Amino acid sequence: MSQSDPPALTASRYGRYVGLVGLIVVVLITINTLLTPSNGATGIPPGERLAPFAVPLATSTLNGDADVATRPGDESSGRRPACTLRSAQILNICELYERGPVVLALFVDSGDCPAVLDDLQKLAPSFPGVGIAGVALKGNRAKLRELVSAHELTLPIGFDRDGALAARYKISSCPQLTFAYPGGVVQSKALLTRPPLATLRARIAALVAASRTRGWKPPTT
């Protein structure tokens, strides 16, 4: 990453861990459908907090691996705590959940897996204040940019170059949709396949209703 770039994301740094995560994502790309539940991974459980991360936006000029550090000096995960990295070129999950509820889609950029992004974009105007975003795990960034352009996506779409989020978000399917309250605590079980549009709408509506009972107020239009 050049010195003129926004706040730096970490360079490649995972060693054996990268190989393991890379293998997980390759399997997702190859199968591109629901994996067997016997691996025990079903996303971050309700009641736990979203794993912090900051990744470059797919369409930005920023390069680098995901920063997933939770404290200063955590060199294996990033040079700075992920939550502190803020820029117009960065998708930061902490920034999203500080504003309101979050719906996060993790996906790979092959096959029909990214189709859920069209669904989320269609529903987003009905849920002001909800941070709806997607992150592509590994894959080809040029292809991802083409996808964003072809689908005319305006949702923030991040690029996890080294696949660091696969393990942290307990990926078992493509796509995987996570729902969290303001503050980042997971509200309900992740959706592990692309749901019907009505089901997705109902899940987001339930998230909004539950967030309101916890004191969150959607922005007024």
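In this text, all values refer to a predicted model and were calculated from it rather than measured experimentally.

An account of the overall build of the chain is needed here, citing residue identities and associated values.
Looking only at helices and strands, one finds 6 helices and 7 strands in the chain. Listed by position from the N terminus, the elements making up the chain come as α-β-β-α-β-α-β-α-β-α-β-β-α. By residue count, 55% of the 221 residues in the chain fall in the buried class. Look at the contacts in the chain between residues 6 or more apart in sequence, and 73% of them connect residues 24 or more apart. Accessible surface computed for the chain: about 9,800 Å², of which carbon and sulfur atoms make up 55%.

Describe the sheet that holds strand β7 (residues 186-191), naming the residues involved and giving the relevant values.
Strand order across the open sheet formed by 5 strands is β5-β4-β3-β6-β7, with mixed pairing between neighbours. Sheet topology places β5 (157-160) and β7 at the edges, where each strand pairs with a single neighbour. Adjacent strand axes in the sheet meet at a mean angle of 20 degrees, parallel and antiparallel pairs treated alike. Relative to β5, strand β4 (residues 131-137) runs parallel, the two sharing 4 bridges. Note that in β5 the partner of G134 across the bridge is I157.

Outline the environment of T193, supporting the account with residue identities and numerical values.
Within the element layout of this structure, T193 appears in the loop between β7 and α6 (197-213). Take T193: its relative accessible area is 37%, and that puts it in the partly exposed class. Each C-alpha atom of the pair T193 and C113 lies 8.7 Å from the other, and the pair is 80 residues apart in sequence.

Run through the pairing of β7, naming residues and quoting values.
By the criterion of burial, β7 is predominantly enclosed, with 5 of the 6 residues buried. With 3 bridges joining them, strand β6 (residues 176-180) and β7 adopt antiparallel strand pairing. Across the sheet, F179 pairs through a bridge with S188, a residue of β7. The hairpin turn running from β6 into β7, its antiparallel successor, is 5 residues long, and G183 in that turn takes a positive phi close to 100 degrees.

Report on the side chain of D109, specifying residues and quantitative values.
Mapped onto the elements of the fold, D109 is located in the loop between β3 (102-107) and α3 (115-123). For D109, which is buried and forms no salt bridge, the nearest opposite charge comes from K143, at a distance of 4.6 Å. Among the polar contacts listed, one links the side chain of D109 to the backbone nitrogen of N140, at a separation of 3.2 Å. Setting aside its immediate chain neighbours within four residues, D109 contacts P114, G139, N140, K143 and L144.

Which residues make up the state of the cysteines, and what values go with them?
Counted under the stated rule, the structure contains 2 disulfides. Between C83 and C94 runs a disulfide, and the two sulfur atoms are separated by 1.9 Å. Looking along the S-S bond of the C83-C94 disulfide, the torsion reads about -55 degrees, which is the left-handed sense. In this pair, C83 is assigned in the loop between β1 (54-56) and β2 (90-92) and C94 in helix α2 (residues 93-99), connecting sequence segments 11 residues apart. Classification of C94 as buried rests on a relative accessible area of 0%. In this model C113 forms its disulfide with C174; the gap between the sulfur atoms is 1.7 Å. Disulfide C113 to C174: torsion about the S-S bond roughly -95 degrees, handedness left-handed.

Residues and numbers for the packing of aromatic side chains, please.
By convention here, two paired aromatic rings are described through the distance between centres and the angle between planes. Following the criterion strictly, the structure yields 1 aromatic pair and no others. With 5.9 Å between their ring centres and 75 degrees between their planes, F53 and Y169 make a pair best called edge-to-face. Taken together, the residues F53 in the loop between α1 (16-31) and β1 and Y169 in the loop between α5 (165-168) and β6 connect sequence positions 116 residues apart. The same class applies to F53 and to Y169, which are both buried. If you follow R203 out to its NZ or CZ, it ends over the ring of F179, 4.4 Å from the centre. Over the aromatic face of Y181 sits the side chain of R214, whose NZ or CZ is 3.8 Å from the ring centroid.

Quick rundown of the packing of α3 against α6? Include the residues and the values.
The interhelical angle for the contact between α3 and α6, taken along N-to-C directions, is 55 degrees, at an axis separation of 10 Å. The angle between α3 and α6 falls in the class oblique. Considering the relative orientation of α3 and α6, their crossing is right-handed. Residues D119, L120, K122 and L123 of α3 lie in contact with α6, whose contacting residues are L197, L200, R201 and I204. Residue composition of the contact of α3 with α6, grouped by class: 5 nonpolar, no polar and 3 charged.

Basis of the calculations
Residues numbered from 1 in each chain as written. Predicted model: local features only at pLDDT ≥ 70, side-chain atom pairs only at ≥ 80, totals over all residues. Heavy atoms only, no water. Helix = DSSP H or I, 4+ residues; strand = E, 2+ residues; numbered from the N terminus. Buried < 20%, exposed > 50% of the residue type's maximum accessible area, 1.4 Å probe, protein only. Contact = heavy atoms within 4.5 Å. Areas by Shrake-Rupley, 256 points an atom, 1.4 Å probe, with all protein chains shown as cover. Pairing = 2+ DSSP bridges. Axes fitted to C-alpha atoms, helices over the stretch in contact; angles between N-to-C directions. Lys, Arg positive; Asp, Glu negative; His and termini not counted. Salt bridge = Lys/Arg side-chain N within 4 Å of Asp/Glu carboxyl O. Polar contact = N/O pair within 3.5 Å; in protein donor to acceptor, adjacent residues only side chain to side chain. Disulfide = S-S within 2.5 Å. Phe/Tyr/Trp six-rings, centres within 6.5 Å; stacked < 30°, edge-to-face > 60°. Lys NZ or Arg CZ within 6 Å of the ring centre and 35° of its normal. Parallel < 35°, antiparallel > 145°, perpendicular 65-115°, else oblique. Left-handed = near helix turned anticlockwise from the far one by under 90°. Nonpolar A, V, L, I, M, F, W, Y, C, P; charged D, E, K, R; others polar.

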